[in-house]
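Structural overview
Residue-level listing of the chains:
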Number of protein chains: 2
Amino acid sequence: MTYGKVVVVGTGLIGGSIGKALIERRLAKEVIGVCRRVVSAEKAEKEGAVTSAVVNNYKESCAGADMVIIATPVDTIKDVIDRLSDCAFLPGAVVTDAGSTKKDIVEHAAKYTGKIIFVGSHPMAGSEKSGVENSRADMFEGSVCLVTPDKGTLPDSLKKVTDFWASLGAAVHKMSPEDHDHGMAFSSHLPHAAAYALAGLLEEKFPPYIFAGGFKDTTRIASSDVALWAEIFDSNRENVLEAIRKYKEKISSIERDISSSDKKNIREKLDKWRKLRDELV
Amino acid sequence: MTYGKVVVVGTGLIGGSIGKALIERRLAKEVIGVCRRVVSAEKAEKEGAVTSAVVNNYKESCAGADMVIIATPVDTIKDVIDRLSDCAFLPGAVVTDAGSTKKDIVEHAAKYTGKIIFVGSHPMAGSEKSGVENSRADMFEGSVCLVTPDKGTLPDSLKKVTDFWASLGAAVHKMSPEDHDHGMAFSSHLPHAAAYALAGLLEEKFPPYIFAGGFKDTTRIASSDVALWAEIFDSNRENVLEAIRKYKEKISSIERDISSSDKKNIREKLDKWRKLRDELV
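Residues numbered from 1 in each chain as written. Chains lettered and ligands numbered in written order. Predicted model: local features only at pLDDT ≥ 70, side-chain atom pairs only at ≥ 80, totals over all residues.

Overview of the overall build of chain A
- Along its length, chain A carries eleven helices and eight strands.
- Whereas a compact globule of 281 residues would reach a radius of gyration of roughly 19 Å, chain A reaches 21 Å, a difference of no more than 12%.
- Taken along the three principal axes of its C-alpha coordinates, chain A extends 70 × 40 × 30 Å.
- Counting all 281 residues of chain A, 54% fall into the buried class.
- Pairs at least 24 apart in sequence give 72% of the contacts found in chain A among residues at least 6 apart. (Helix = DSSP H or I, 4+ residues; strand = E, 2+ residues; numbered from the N terminus. Rg over C-alpha atoms; globule rule 2.2 N^0.38 Å. Buried ≥ 20, exposed ≤ 12 C-beta atoms within 10 Å, placed from the backbone. Contact = placed C-beta atoms within 7 Å.)

So, the relation of the copies chain B and chain A
- When chain B is brought onto chain A, the operation consists of a screw motion whose angular component is 180 degrees and whose axial shift is 0.0 Å, with 0.0 Å RMSD remaining. Classification of the inter-copy transformation places it as that of a two-fold axis. Residues of chain B ranked by C-alpha distance from the rotation axis are headed by B:T218, positioned 2.0 Å from it.
- A shared binding surface is used by both copies, with 100% of the interface residues of chain B retained as interface residues in chain A. (Least-squares fit on C-alpha atoms with pLDDT ≥ 70 in both.)

Digging into the packing of helix α7 (residues 177-200) of chain A against helix α10 (residues 237-259) of chain B
- Contact pair α7(A) / α10(B): the axes reach a minimum separation of 9 Å and the direction vectors enclose 125 degrees. Classified by the angle their axes make, α7(A) and α10(B) are oblique. Regarding α7(A) and α10(B), the two cross each other, and that crossing is right-handed. Contacts between α7(A) and α10(B) involve A:A193, A:Y196, A:A197, A:L198 and A:G200 from the former and B:Y247, B:K250, B:I251 and B:I254 from the latter.
- Considered class by class, the residues forming the contact of α7(A) with α10(B) number seven nonpolar, one polar and one charged. (Axes fitted to C-alpha atoms, helices over the stretch in contact; angles between N-to-C directions. Parallel < 35°, antiparallel > 145°, perpendicular 65-115°, else oblique. Left-handed = near helix turned anticlockwise from the far one by under 90°. Nonpolar A, V, L, I, M, F, W, Y, C, P; charged D, E, K, R; others polar.)

A closer look at the pairing of strand β5 (residues 94-97) of chain B
Residue and element names in this part refer to chain B.
- The two faces of β5 match: V94 and T96 on one face and V95 and D97 on the other face are all buried.
- Pairing geometry for strand β4 (residues 67-70) and β5, over four bridges, is parallel. Within the sheet, the bridge partner assigned to M67 lies in β5 and is V94.
- Of the crossover connections in this fold, the one passing from β4 over helix α4 (residues 77-84) to the parallel β5 is right-handed. (Pairing = 2+ DSSP bridges. Right-handed = clockwise from strand over helix to strand, strands pointing away.)

What to know about the sheet that holds strand β1 (residues 3-9) of chain A
All names here are of chain A.
- Spatially, five strands are ordered β3-β2-β1-β4-β5 in an open sheet, and the strand pairing comes out parallel. The sheet is open, and its two edges are formed by β3 (52-55) and β5 (94-97), each paired on a single side. Direction aside, neighbouring strands of the sheet carry axes that sit 20 degrees apart on average.
- Here β1 pairs with strand β4 (residues 67-70) via four bridges, running parallel. Bridge assignment links V8 to a residue of β4, and that residue is I69.
- Helix-sheet contacts for helix α1 (residues 13-24) involve β1, β2 (28-35) and β4, and the interaxial angle to β2 is about 165 degrees.

A short note on the domain arrangement of chain A
Residue and element names in this part refer to chain A.
- In terms of domains, chain A is made up of domain 1 (3-175) and domain 2 (179-280).
- At the interface, 14 residues of domain 1 touch 14 residues of domain 2.
- Tallied by class, residues from the side of domain 1 that touches domain 2 come to four nonpolar, five polar and five charged. (Domains from an automatic or database assignment.)

Some remarks on helix α10 (residues 237-259) of chain A
- Under the 1.5 Å per step criterion, the end-to-end length of α10(A) is 32 Å for 23 residues, consistent within 8% with the ideal 33 Å.
- Looking at the buried residues of α10(A), the elements they touch are α7, α9 (226-235) and α11 (263-280) of chain A together with α7 (177-200), α9 (226-235) and α10 of chain B. (Expected span 1.5 Å × (residues − 1).)

Here we look at the sheet that holds strand β2 (residues 28-35) of chain B
All names here are of chain B.
- Spatially, the five strands line up as an open sheet ordered β3-β2-β1-β4-β5, and their pairing is parallel. On the outer flanks of this sheet lie β3 (52-55) and β5, each paired with one strand and no other. The sheet shows a mean angle of 20 degrees between the axes of neighbouring strands, taken without regard to direction.
- As judged from the four bridges shared by β2 and β3, these two strands associate in the parallel manner. Its bridge partner lying in β3, C35 is registered against V55.
- Relative to β3, helix α2 (residues 38-46) is tilted by about 175 degrees, and along the sheet it contacts β2 and β3.

The structure is reproduced here in structure tokens:
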């Protein structure tokens, strides 16, 4: 086994999937879930997502831990880091997280240099479903995980976090926290805003049978957890606003072409954009 | 068999699927494909999408036909109607189409009252792929087809068209051409514009590994045929412009909430929109 004790703070969809993967792949002797509520701890144990779960007990859970993963909602990660700051991990133990934004969190953790070794992570897995009941041991297989070292990150610590996600089946890529947040505003946060806005047009009241697969695919991610997304938008505000501004420019340029019936221009534009998209998949 | 001779003008993805479904379900003695080019006629025959295919020969193909379906790109449908106007169909034979917009086409066909019995259709099937090589006999099973009678449509003709699509496996709904075009601007045309615009942000150049399932789903329909979509936007210009205007308002309202860090407001808004979307699927 690679790890003795791994602590997973927050046992929802992502935390639960981390626990299940560690247990199924026999990577850790113990997987301790730290939950906020008794009912969550009971559910995590019943689901087999942890070897045992505790409620808000950081000190005892983290004593002698090899590795800690914070898998709580993005707005609570900084508080959890505060609570971890006086825990007695094993020497060299690394704390990471699974938050969708990184700069804020990495900067916050840097305050505890000497007390916590923190390297930010963003496993790009999950779905519009949430909760430990939807967690799966194979959640990270074939997925991408971004790790975001800063100038204080030691090579050993970076390697530990990289190896951790790789051991769950993810392809790991390294980015700065700043590049991460800027890129994700375009690749993930804006598409969510765009999907919610499309769904918002259902306020106009149309017969349901005129909505086919195209609409459903385009708005699938508008089924995502609303509280989570309100927090992500807020914690990456400036980048998301930049992405929205640039998106509105693209929409407006299509609007102008349609308005002036400029079929040649719109064909060339859409064709260029279609090709960029098709190169990705 | 329900039909003697069925003529399918245009044997691409939709025309080819109509032909294959008619043949597989043994609904027609003959399925004649009318193509613009020799190579398309040969491909349609080779694919088994028609019992025989001809090139631009409307008069002979349509003589004695029970049913004619125009499955050519939306900007060419009116020309095909012109060419059908002096064909000798069976008495009571109905001409329909498979275009994504309806008002223009239905109004155009009304000029030939007494010569052609035309009822507009919009089978909401297909995919971002095109061409007879992607056509399938089961394309319409479980799909929705909208039929758009106008004030001149006789009940018998409407029934013929409704029965036709139902016989291919579609659930058929009736709408006025105006309501159809207005609704489709929101349910289909705008989502395509939104997806193309999102894909357009790839001009910014990001590493490909930051794009996950959410981006790919949201932009899937940006892989659609560009020439086709340039024509659809143009032929439904006013409605599409209205939908884009209203979409930009929704995006701007999200933008304002993010900008002012109004998490409560954005949560309530996204939650309302999410619920409207989830009621659809």
